[in-house]
Amino acid sequence: MLKDSEKSVPVQNKRPTLARIAKNSVANLSRMGTSWLLALFLPPLLVRVLDKPVYATWVLILQVGAYVGLIDASIQFVVGRFVARAEGLHDRRYMGRMLSSATALMIFASLSAAILIFFGSWQLQHLFPSIPAAISLDARQALLIIGLSLVLSLPFSTLAGTFFGLQKNEVNALAGSLGKIIGATGAAWAA
């Protein structure tokens with residue numbers, strides 16, 4: 001026997017659903033388009049400005065950002081799935097418990113990752129001995145700045161996942177695109 005909160009909700013009119021799908025698709029494409037454009041223009045700029053060892057070090061440090069981005073996207077997807085489920089069941093209590101648990105876990109993960117970033121920065125020369133000594137201090141500082149800025153954004157993955165689950169992708173697209181543009185501008189300026 002199904003509880004009241006588990007009964008199926010009647011399907012809405014097709015027009016709002018198609019409009020919502022189109023709006024969310026455009027938002028997702030614009031967010032991904034920003035990433036694609038930055039991936040096309042930033043590396044050639046860095047290759048022209050930086051010598052080989054410095055460029056290799058930048059790529060290594062930016063890989064940290066790529067891994068954090070994968071974690072961030074995964075968390076947004078999972079939280080979005082559970083938010084959509086709670087929304088479909090009209091169960092605000094379940095949604096609240098799930099979001100508070102996910103936020104607490106992300107704060108813990110963020111603090112743990114920050115400790116790893118500090119340790120990695122401190123031991124960067126030992127972990128990657130091919131980094132030239134002349135740029136070692138700059139590389140350590142860059143790892144701290146980029147790593148910590150990305151790690152500090154992890155708890156907000158829960159919020160982004162909430163918008164994803166509520167099918168408000170335009171919020172994520174705007175915030176994600178602006179964040180990527182600012183981050184790429186900062187990386188280009190720092191280089």
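Located above this text is the structure these notes cover.
Residues numbered from 1 in each chain as written. Predicted model: local features only at pLDDT ≥ 70, side-chain atom pairs only at ≥ 80, totals over all residues. Heavy atoms only, no water.

The helix and strand tally for the chain stands at seven helices and zero strands. Along the chain, helices and strands appear, N-terminal first, in the series α-α-α-α-α-α-α. Looking at the 191 residues of the chain, the share that counts as buried comes to 29%. For the chain, contacts bridging at least 24 residues in sequence account for 74% of all contacts bridging at least 6. (Helix = DSSP H or I, 4+ residues; strand = E, 2+ residues; numbered from the N terminus. Buried < 20%, exposed > 50% of the residue type's maximum accessible area, 1.4 Å probe, protein only. Contact = heavy atoms within 4.5 Å.)

Once that is clear, we can look at a nonpolar patch on the surface. On the surface, L37, L40 and F41 cluster together into a nonpolar patch covering about 350 Å² of accessible area. Mapped onto the elements of the fold, F41 is located in helix α1 (residues 14-49). Overall, the relative accessible area of 59% leaves F41 in the exposed class. (Patch = residues over 30% accessible without salt bridge, like charges linked within 9 Å, V, L, I, M, F, W, Y side chains within 5 Å. Areas by Shrake-Rupley, 256 points an atom, 1.4 Å probe, with all protein chains shown as cover. Salt bridge = Lys/Arg side-chain N within 4 Å of Asp/Glu carboxyl O.)

This part takes up the packing of aromatic side chains. Counted under the stated rule, the structure contains one aromatic pair. Between F119 and W122 the ring centres are 5.9 Å apart and the planes differ by 65°, which places this aromatic pair in the edge-to-face class. One end of the pair, F119, and the other, W122, are both in helix α3 (residues 92-122), three residues apart, so they sit about a helical turn from each other. Since its relative accessible area comes to 44%, F119 is described here as partly exposed. (Phe/Tyr/Trp six-rings, centres within 6.5 Å; stacked < 30°, edge-to-face > 60°.)

Relative to the helices and strands, L62 resides in helix α2 (residues 52-89). Residues L62 and I146, spaced 84 residues apart in sequence, show a C-alpha to C-alpha distance of 7.7 Å. Discounting chain neighbours no more than four positions away, the residues touching L62 are L46 and I146.

Turning to its location among the elements, L124 is positioned in helix α4 (residues 124-127). Placed 15 residues apart in sequence, L124 and A139 show a C-alpha to C-alpha distance of 8.1 Å. Ignoring anything within four residues of it in the chain, the contact list for L124 reads I131, A139, R140 and L143.

The nonpolar side chains of soluble globular proteins are, as a tendency, buried together. Of all hydrophobic cores here, the largest spans 13 residues; its most connected members are L50, V54, W58, I61, L124, I131 and A139. Counting only elements with at least two residues in this core, the list comes to α1, α2 and α5 (133-153). Ranked by residues supplied to this core, first place goes to α5 with five residues. V68, V79, M98 and M106 belong to the second largest nonpolar core, which has twelve residues in total. (Core = buried A, V, L, I, M, F, W, Y, C linked by side-chain atoms within 4.5 Å.)

As a further point, take α2. Between its terminal C-alpha atoms α2 stretches 55 Å, which fits the 56 Å expected from 38 residues at 1.5 Å a residue. H90 lies just past α2 and shows a positive phi near 55°. (Expected span 1.5 Å × (residues − 1).)

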